[in-house]
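Coordinates in review
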Amino acid sequence: MNALKDHISFQASTLVLREKRNNLLASNIANAATPNYKARDMDFDREMARQNGESPVRMSSARHVDGLASIGTSGVKYRQPLNPSFDGNTVEMAVEQMEFSENSLRYMTTLTFLNKRISGLMTAIRGE
Amino acid sequence: MMAELKNIFDIAGRSMAAQQVRLNTVASNIANANVRSGTAEAAFRPLRPVFQTYFEGGRRNAQMATTDVRDVVELDRDPQQIHDPGHPLADEQGFVYVSTVDVNDEMVDMLEASRQYQNNLEVVTTLRTLMLRTVNMGKS
């Protein structure tokens, strides 16, 4: 049973992470007109590595920033805005839309891989 | 306090509701542009919604956030005093008070609100497709 689970677990956990990121990006888009809202995102590669038990790239100081500034412990970070805006909102619609469309495309891709894996398993089970 | 956020439909739905409130205030403002009244107090002042972010599970660790309308406020703009003795609402000195709605302002607000509404709707459409495909996983 574990062999079957291991066969698809990587794609499955990726899908979960992609969904989390989709929620974050959707929250940004929902708050595009709220004064003082700071756009949030996650470092997908880093979260992926953490989920798979790999140690992330180490920095010489915990206060170094890698494009996104940390908030809490859940891997959610603040986005660094390209252009500051008057009302303190850091949501940039073009950026969010591109990230969102890329993320949903990657979700779709992972789903396709997952489907292929499942149909591969089905072929093996049927022995056709 | 409002109900918790469970999924993308809650996020987008509540944000769209907030934008709807904004569109309603714009409609009220435009409907009351250049409306005259007998006293300065009774004159119409433009309405504006105040948006506030709702973070699910606290500000620090929120994975989801949406927009709520905290309040609808009247702008602190004094109505314009106009001398028009022939007007039926004019006071003893012959003054009427005209609401100070800037129609250009309102149009810009309306366009922005409707764009935000569309963006949210687009997010829902995209994620709904993804969900449908996920439900059908393994069938194709």
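What you see is a predicted model, and the numbers here were worked out from it, not measured in a lab.

Scoring rules and cut-offs
- Residues numbered from 1 in each chain as written.
- Chains lettered and ligands numbered in written order.
- Predicted model: local features only at pLDDT ≥ 70, side-chain atom pairs only at ≥ 80, totals over all residues.
- Heavy atoms only, no water.
- Salt bridge = Lys/Arg side-chain N within 4 Å of Asp/Glu carboxyl O.
- Helix = DSSP H or I, 4+ residues; strand = E, 2+ residues; numbered from the N terminus.
- Buried < 20%, exposed > 50% of the residue type's maximum accessible area, 1.4 Å probe, protein only.
- pLDDT = per-residue confidence, 0-100.
- Phe/Tyr/Trp six-rings, centres within 6.5 Å; stacked < 30°, edge-to-face > 60°.
- Expected span 1.5 Å × (residues − 1).
- Contact = heavy atoms within 4.5 Å.

Let us look at the pattern of salt bridges. Residues and elements named next belong to chain A. Counted under the stated rule, the structure contains 14 salt bridges over all chains. Taking the shortest distance from any N to any O, the salt bridge between arginine 79 and aspartate 41 comes out at 3.2 Å. Here aspartate 41 lies in strand β1 (residues 40-42) and arginine 79 lies in strand β3 (residues 76-79), a separation of 38 residues in the sequence. For arginine 79, a relative accessible area of 11% translates into the label buried. A residue is classified by how much of its surface remains accessible, and aspartate 41, at 3% relative accessible area, is buried. Put simply, arginine 50 and glutamate 47 hold a salt bridge, and the shortest N to O gap is 3.2 Å. A residue pair is termed a helical-turn pair when its members lie 3 or 4 positions apart in one helix, as arginine 50 and glutamate 47 do in helix α2 (residues 44-51) at three residues. Salt bridges sharing common partners tie together Arg21, Asp41, Arg79, Glu96 and Glu99.

On to the confidence of the model for chain B, then. Considering every residue of chain B, the mean pLDDT works out to 92; 98% of them sit at 70 or more. If you check the scores for this complex, the pTM reads 0.86 and the ipTM reads 0.87.

As a further point, take the packing of aromatic side chains. Given two aromatic rings, their pairing is described by the distance between the two centres and the angle made by the two planes. Evaluation of the coordinates by the stated rule reveals one aromatic pair over all chains. For the pair Tyr37(A) and Phe55(B), a centre-to-centre distance of 6.1 Å together with 15 degrees between the ring planes defines the contact as stacked. Within this pair, whereas Tyr37(A) is found in the loop between α1 (2-30) and β1, its partner Phe55(B) is found in strand β2 (residues 47-55), the two belonging to separate chains. One exposure class covers both Tyr37(A) and Phe55(B), and it is buried.

A word on helix α3 (residues 93-126) of chain A. The end-to-end C-alpha distance of α3(A) is 49 Å, a good match for the 50 Å that 34 residues give at a rise of 1.5 Å each. Within α3(A), the full set of buried residues consists of Glu96(A), Phe100(A), Asn103(A), Ser104(A), Tyr107(A), Thr110(A), Leu111(A), Leu114(A), Asn115(A), Ile118(A) and Leu121(A). Elements that come into contact with the buried residues of α3(A) comprise α1 and β3 of chain A together with α2 (103-135) of chain B. Of the residues flanking the end of α3(A), it is Gly127(A), one or two places downstream, whose phi is positive at about 70 degrees.

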